[in-house]
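One-letter residues, chain by chain:
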Amino acid sequence: MCGIVAAASKTNVTDILMAGLKHLEYRGYDSAGIAILKNNVLNNYRQKGNVEELGKLLDATANSNIGIAHTRWATHGKPSKENAHPHIANDTIAIVHNGIIENYLDIKNKFLKNYKFLSDTDSEILAHLINHFSKDNEILDAVHLAMAEVQGSYALAVLDKNNPDKIIVARNGSPLLIGLGEEKNFIASDALALIEHTNRFVYLEDGDLATVSSEEVKIYDKNKKNIRRETKKSSLSLNSHSKDGYDHFMLKEIFEQPNAVKSTIENRIINNVVPKEILGPNAAEYLEKFKVVQIIACGTSYHAALVAKHWLERLAGIPCHAEIASEFRYRRHAVQKDTLLICISQSGETADTLSALREIKKEDYYVGTIAVCNVPESSLARECDSTLITHAGPEIGVASTKAFTTQLTALMLLVIVLGKRFEITPDLENSLCMQLKTLPDKIKSTLALDQKIAELAKIFSDKEHALFLGRGSHFPIAREGALKLKEISYIHAEAYAAGELKHGPLAIVDENMPVVAVAPNNVVLEKLKSNLEEVKARGGKLYIFADKKAGFKSDEISQVFEIDAPMNPVAPILFTIPLQLLAYHCAIIKGTNVDMPRNLAKSVTVE
Ligand code: F6R
């Protein structure tokens, strides 16, 4: 959600900023801008639309040794040139900001009554507030004083005409890191923006301020005390940016799933045992103590939570609640003593999940917190007692695919570890490990349905609505299928537990309503078959993704796609694949922007 990139160098930085923005575009893409300092003048280039549109404004004269840049996902104020960042105050201070300033109206009234605002954003007040304080203070003090007034979240980079060789940055609640180079240093909201230039990063913590010039980086804590933060080497590779011959990142990421799942289990299954050490040194205490599990997550990660709840209860006999983080955060909940909290998040920066975690940590009912996350340096990973990393590799497509299947894979490992003190016997552990190990090949075979699903999409893509049905641990998979279709093809799709159909939704089933069913060969198969008969009886068209042994046959009303998903707990991971492909191919036929669907952004860092 919004991306920041900034650089100070001995040479021109415009290309670095533009390339960085391009890599960050998946985080927000409704407008973009760059401010550079040249001959003691702040030059501001902003444009509605994507980074390519911004590039059209820049000619050879747009060069400088220092600059800040931003790609936006609108929160306050519609996407427009005026609302695009950077925002400038008094021709002197330029800022780019990620996050939300909750008290921006109070700040306007208290400090900035006579200022003229040119945008509808909350962010613009930061430029004016810093300008206000800079009249009587050094720029670092001005930023510090300004941030002390702010309630909300920010990752901020500031360019000051009167301090032409440094950028001032501040972080609270939104990710920000400093990249270290030779005679140049960088700032970004995401390491991906800078990986062409460096793999050495310093991750700022909440409350930190820093000054960054081409020669040095100075970091200060919230009391403005000079501090050191560890430099970390990133394992990201340039390949993360490439589509590798695929037309879209989403398709590349769908086809990366066999390897991503393989990497997620690698070194974590030893002789068909999952060692508790996968949770790191802090786990010993809570593993012995916890009685109940609470999972929080959002969106696709919440669907992973729902599958994990099924697994924890069915396989391990561990009571588990799963809830959407934004709901959990704002309601009173009765928590049982010795609850273990699991937070699932691909990015590890989702504000709803993070703020729920921070609230929960204030209570003493919880014995421990575990992050299931794809980004080791993320806030979530740093703030939980243990982190189980999903080795999906960077996911660029906004619609989550490989992040989801690797979350499920990691969650199955977690269920095994947590369940050993409950009902997971050595035999069950052995069998679950064997099933996990077959997954990469089984996913590969499922991907072979691609062309058949591309054909199906031709029927599907002119529909306005679709229903997805599943039962048990496959109901969350039906939900995920519906979410994928909505997100990238804009077809309205809803998922129901198949048994609920007769309690209402059957009313909307007719020959124009495509119904997608997820049909594993499990204990509720016969029940599901009856539910599907109810659809057929109303003339509804059925598209059934079924295990080959489930006994479905295509006929004039239903089309069956067979999947080799043996009757075992990991089947939900396999049934996810065709639904991702269906959404992808529908979006292609409809001509939508698959990797950057409208109104969405990756990593939602505002509540
Ligand atoms: C959907 C999607 C979103 C995210 C949600 C949570 O394809 O990607 O629903 O799953 O915004 O994001 P994370 O997992 O980063 O917390």
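Scroll up a little and you will see the structure.
Our subject in this report is the structure included herewith. (Residues numbered from 1 in each chain as written. Predicted model: local features only at pLDDT ≥ 70, side-chain atom pairs only at ≥ 80, totals over all residues. Heavy atoms only, no water.)

What about the side chain of aspartate 450?
Phase 1 of the analysis: When you line up the elements, aspartate 450 lands in helix α15 (residues 450–460).
Phase 2 of the analysis: Salt bridges are absent for the buried aspartate 450, whose nearest opposite-charge side chain, lysine 458, sits at 12 Å.
Phase 3 of the analysis: Sequence-distant contacts of aspartate 450, defined by excluding residues within four places in its chain, comprise Phe255, Leu581 and His585. (Helix = DSSP H or I, 4+ residues; strand = E, 2+ residues; numbered from the N terminus. Buried < 20%, exposed > 50% of the residue type's maximum accessible area, 1.4 Å probe, protein only. Lys, Arg positive; Asp, Glu negative; His and termini not counted. Salt bridge = Lys/Arg side-chain N within 4 Å of Asp/Glu carboxyl O. Contact = heavy atoms within 4.5 Å.)

Observations regarding the site of the ligand
Phase 1 of the analysis: Around the ligand lies a shell of 14 residues, among which Ser301, Ser345, Gln346, Ser347 and Thr350 are the nearest.
Phase 2 of the analysis: Within the contact set of the ligand, an oxygen atom lies 2.5 Å away from a side-chain nitrogen or oxygen of threonine 350.
Phase 3 of the analysis: Glutamate 487 places a side-chain nitrogen or oxygen 2.8 Å from an oxygen atom of the ligand.
Phase 4 of the analysis: Contributing elements (two or more residues each) for the shell around the ligand: α9 (299–316) and α16 (475–489).
Phase 5 of the analysis: Broken down by element, the shell around the ligand gets its largest block of residues, 3 residues, from α9.
Phase 6 of the analysis: Looking at the shell around the ligand residue by residue, the class counts come to 4 nonpolar, 8 polar and 2 charged.
Phase 7 of the analysis: Each of domain 2 (242–442) and domain 3 (448–607) accounts for three or more of the residues forming the shell around the ligand. (Near = heavy atom within 4 Å. Polar contact = N/O pair within 3.5 Å; in protein donor to acceptor, adjacent residues only side chain to side chain. Nonpolar A, V, L, I, M, F, W, Y, C, P; charged D, E, K, R; others polar. Domains from an automatic or database assignment.)

Structural notes on the packing of α15 against helix α18 (residues 571–590)
Phase 1 of the analysis: Contact geometry for α15 and α18: axes closest at 8 Å, N-to-C directions at 50 degrees. Accordingly, the angle class assigned to the pair α15 and α18 is oblique. In the packing of α15 onto α18, the handedness of the crossing is right-handed. Together, Asp450, Ile453, Ala454, Leu456, Ala457, Lys458 and Phe460 of α15 and Pro578, Leu581, Leu582, His585, Cys586 and Ile589 of α18 make up the contact between the two elements.
Phase 2 of the analysis: Along the lines of polarity and charge, the residues of the contact of α15 with α18 split into 10 nonpolar, 1 polar and 2 charged. (Axes fitted to C-alpha atoms, helices over the stretch in contact; angles between N-to-C directions. Parallel < 35°, antiparallel > 145°, perpendicular 65-115°, else oblique. Left-handed = near helix turned anticlockwise from the far one by under 90°.)

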